[in-house]
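# Structure at a glance
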Amino acid sequence: MKNWSREERYRVLKSPEEIRDLYERIKKTPYRQTYHIQPVTGLLNDPNGFVWHDGKWHLFYQWCPWGAVHGLKYWYQTVSRDLITWENVGVTIKPDCDLDNKGAYSGSAWPEGDKLQLFYTGNHRDPDWTRIPYTCMYTLFDDNTGEKKAEPLFGPHPDYTEHQRDPKILFDEETGYYYICNGGQTKDKKGCMLIYRSKSLSEGWEFAGKLNVPGFEDFGGMWECPAIERIGDKDVLIFCPQHMKLIHRGDVTNHNGYILGTMDWSTLTFTPDGKFHVLDFGFDSYAAECANNSPDPASKILVAWMGLPDSSYPTDEDEWSGCLTLPRELRIRDRRLIQVPLPGLEALRGDEVDPADGILPEACEMIVKSDGGNMTLSLFTKADGTGGIMIYYDAAWKMVTVDRSGLTKRFNIDQGEMREHPTEFPLSTMRIFIDRSSVEIFVNEGDAVFSSRVFPTEEEHFFRAEGASGVQIWKIRPAVSDEFIV
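### Considerations on the overall build of the protein
Counting secondary structure elements, the protein contains 2 helices and 33 strands. For the protein, the spread of C-alpha atoms along the three principal axes comes to 65 × 50 × 40 Å. In the protein, which comprises 486 residues, the proportion classed as buried is 60%. Across the protein, every contact between residues at least 6 apart in sequence was considered, and the portion connecting residues at least 24 apart equals 58%. Accessible surface for the protein amounts to roughly 18,900 Å². Of this, 47% is attributable to carbon and sulfur atoms. The distance from the centre of the 53 positive side-chain charges to the centre of the 75 negative ones in the protein is 2 Å.

### Focus on the pattern of salt bridges
Counting across every chain of the model gives 29 salt bridges. One salt bridge in this structure joins R20 and E17, with 3.1 Å as the shortest N-O distance. With R20 and E17 both in helix α2 (residues 17-26) and 3 residues apart, this pair spans about one turn of that helix. Linking K27 and E24 is a salt bridge whose minimum nitrogen-to-oxygen distance equals 3.2 Å. Under the relative-accessibility criterion, K27 is labelled partly exposed at 37%. When salt bridges with common partners are traced through the structure, they connect E346, R349, E365 and R431 into a single cluster.

### Description of the sheet that holds strand β4 (residues 87-93)
Strand-to-strand pairing in sheets goes through backbone hydrogen bonds, with the strands running parallel or antiparallel. Ordered by their spatial adjacency, 5 strands build an open sheet running β4-β3-β2-β1-β20, and the pairing between neighbours is mixed. Edge positions in the sheet fall to β4 and β20 (320-321), since each of these pairs with one other strand and no more. Pairing of strand β2 (residues 56-64) with strand β3 (residues 74-80), which is carried by 7 bridges, proceeds in the antiparallel orientation. By the bridge assignment, Y61 is partnered in β3 with Y76.

### Looking at the layout of surface pockets
Roughly 660 Å³ of internal volume is contained in the largest pocket. For the lining of the largest pocket, the elements supplying multiple residues, two or more each, are β9 (165-172) and β13 (222-231). Of all the elements, β9 adds the most residues to the lining of the largest pocket, at 4 residues. Looking at the lining of the largest pocket residue by residue, the classes come out as 9 nonpolar, 5 polar and 8 charged. Reported here for the second largest pocket is a volume of approximately 550 Å³. Around the second largest pocket, the lining comprises 25 residues; the ones closest to its centre are H70, K73, Y105, R165 and E224.

### Description of the packing of aromatic side chains
Given two aromatic rings, one states the distance between the centres and the angle between the planes to describe the pair. In this structure the tally under the stated criterion is 28 aromatic pairs. With a centroid separation of 5.1 Å and 20 degrees between ring planes, the pair formed by Y61 and Y76 is classed as stacked. In this pair, Y61 is assigned in strand β2 and Y76 in strand β3, connecting sequence segments 15 residues apart. An identical accessibility class is assigned to Y61 and Y76; each is buried. Relative to F411, the ring of Y313 lies with its centre 5.5 Å away and its plane at 55 degrees, an arrangement referred to as tilted. With Y313 in the loop between β19 (300-305) and β20 and F411 in the loop between β27 (399-406) and β28 (418-422), this residue pair connects regions lying 98 residues apart in the sequence. Classification of F411 as buried rests on a relative accessible area of 7%. In this structure, R349 is placed above the aromatic ring of W474, and the distance from its NZ or CZ to the ring centre is 3.8 Å.

### Some remarks on α2
Those residues of α2 lying buried are I19, L22, Y23 and I26. Buried residues of α2, seen end-on, are gathered within an arc of 105 degrees and therefore sit on one face of the element. Projecting away from the buried face of α2 at angles above 90 degrees are the exposed residues E17 and D21. Next to the buried residues of α2 lie β1 (42-53), β2 and β20.

### A closer look at the sheet that holds strand β26 (residues 388-394)
Here 5 strands make up an open sheet; going across it, the order is β28-β27-β26-β25-β32 and the pairing antiparallel. The sheet is open, and its two edges are formed by β28 and β32 (462-466), each paired on a single side. Mean inter-strand twist for the sheet, computed between neighbouring axes without regard to direction, equals 10 degrees.

### Points about unusual backbone geometry
With a phi close to 70 degrees, D166 is a non-glycine residue in the positive phi region. Structurally, D166 can be placed in strand β9. What makes D166 buried here is its relative accessible area of 6%.

### Quick look at the pairing of β4
With respect to burial, β4 is a largely interior element, 5 of its 7 residues being buried. Sheet analysis places β3 next to β4, joined by 5 bridges and oriented antiparallel. Bridging across to β4, Y76 finds its partner in V91. Hairpin connection, β3 to β4: the antiparallel pair is bridged by 6 residues, and L83 has positive phi, about 70 degrees.

### Description of the side chain of E224
Note on placement: E224 falls in strand β13. Note on E224: relative accessible area 11%, which makes it buried. In this structure the side chain of E224 is engaged in a polar contact, spanning 2.9 Å, whose partner is the side chain of R165. At 2.6 Å, the side chain of E224 forms a polar contact with the side chain of Y286.

### Describing the environment of D264
Tracing the sequence through the fold places D264 in strand β15 (residues 257-264). In this structure, the C-alpha to C-alpha distance between D264 and N212, residues 52 residues apart in sequence, is 9.8 Å. Within the structure, D264 has its side chain in polar contact with the side chain of S266 (distance 2.5 Å).

Reading the values: rules and limits
- Residues numbered from 1 in each chain as written.
- Predicted model: local features only at pLDDT ≥ 70, side-chain atom pairs only at ≥ 80, totals over all residues.
- Heavy atoms only, no water.
- Helix = DSSP H or I, 4+ residues; strand = E, 2+ residues; numbered from the N terminus.
- Buried < 20%, exposed > 50% of the residue type's maximum accessible area, 1.4 Å probe, protein only.
- Contact = heavy atoms within 4.5 Å.
- Areas by Shrake-Rupley, 256 points an atom, 1.4 Å probe, with all protein chains shown as cover.
- Lys, Arg positive; Asp, Glu negative; His and termini not counted.
- Charge placed at Lys NZ, Arg CZ, Asp CG, Glu CD.
- Salt bridge = Lys/Arg side-chain N within 4 Å of Asp/Glu carboxyl O.
- Pairing = 2+ DSSP bridges.
- 1 Å grid on protein atoms, 1.4 Å probe; cavity = no way out; pocket = protein on both sides within 12 Å on 5 of 7 lines; lining within 4 Å.
- Points joined across faces, edges and corners; volume = space filled by probe spheres on them.
- Nonpolar A, V, L, I, M, F, W, Y, C, P; charged D, E, K, R; others polar.
- Phe/Tyr/Trp six-rings, centres within 6.5 Å; stacked < 30°, edge-to-face > 60°.
- Lys NZ or Arg CZ within 6 Å of the ring centre and 35° of its normal.
- Arc of directions from axis to C-beta.
- Axes fitted to C-alpha atoms, helices over the stretch in contact; angles between N-to-C directions.
- Polar contact = N/O pair within 3.5 Å; in protein donor to acceptor, adjacent residues only side chain to side chain.

Everything listed here is a matter of coordinates, which is why it stays silent on function.
Take a look at the structure:
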């Protein structure tokens, strides 16, 4: 695998022609997705700027064009009318000024008239490689032209470490303020959220304080991608605590989860109503972002990076990496946040496949029904039924276990190859979305979700189900543009 020098990773892309040959090679590789957003070349990680505006959904992502490496980051834009089919638009924010000389890092978006205001972290590095994170603003007009604000909205707060990033913009009607939530780290290396406020999107930003979350003063060493969302009559604190381990998560130290509670903006206090919950119990899910300005204010739509920091994947050898999860609708049920597939996904169904053949199409949707007893579902097995990724339900413990150690191409083994989560009710259904290099498992209509990258070989395209009361499979049609637009 290629060893990248700093100069190679932080090289400026001057012309699309510099990566056209790379694109032509990558698009022929076997693990390119058919209905998940993925990079045209190089590496994709965090979703950014997810918002509804001008009759369509705008979704950006972190992009390093050169290969499967974290280096100089751009914001790459995709758009959709229905959250199902997506088109490439190209690069929107370039790291082309002193404020972001080593990358335009993650952030969010807010509509204002005939434009979108994009908020992001400018990753500035001094010649001695000292980091100075700036919170920056980019205006994207409806004709897809844009301009970058010459000065930052604000710089790093001196009472915290250099790890201050990922601005999430929101508006609170009661106080009349816009708020920016930044991930942060205290000087004694504890994760936190830093809050800024202003009456205007483009100026007057002041430091309001550090979010107070009683009981979570020492929870992880850094909080990335923080947000506070309102769903029903509850507030939801969503964030990514780093540098800690959680039960049933193996040796992974980067997590994505949430706390239900009540937010008081006048005191900057989030009062928890329970414990921290993991958002996605699979192997690969991080940096989840909810869309701003949804047409339905009662609903929230979430998308995440189907990957993890400090991880590698088999496509690294082909010089590309990363994809996003399917967008999901968030609801609250029984004091838990659940994620359900969007209703429009049925429109992607093609021919129905006879499950008796035991053959797994490379892009398909599967519905598996259960009467609540023990069940084993093995996906991507060989013709003799061996190997693959095993999904097991233990009725006595109401425990779902996902084990991908049986796949030929194993990766990130040091993080653990098994994930498990108990269900509140006996197993009734699993709705599973399979693409060429991913699987997303929705248990009991969102009671638990397992999202994972998988890289089956040509021989691993069978499945077997034991203890299931019914199986249905549909092929899924392509839904995401893989056109070379930069």
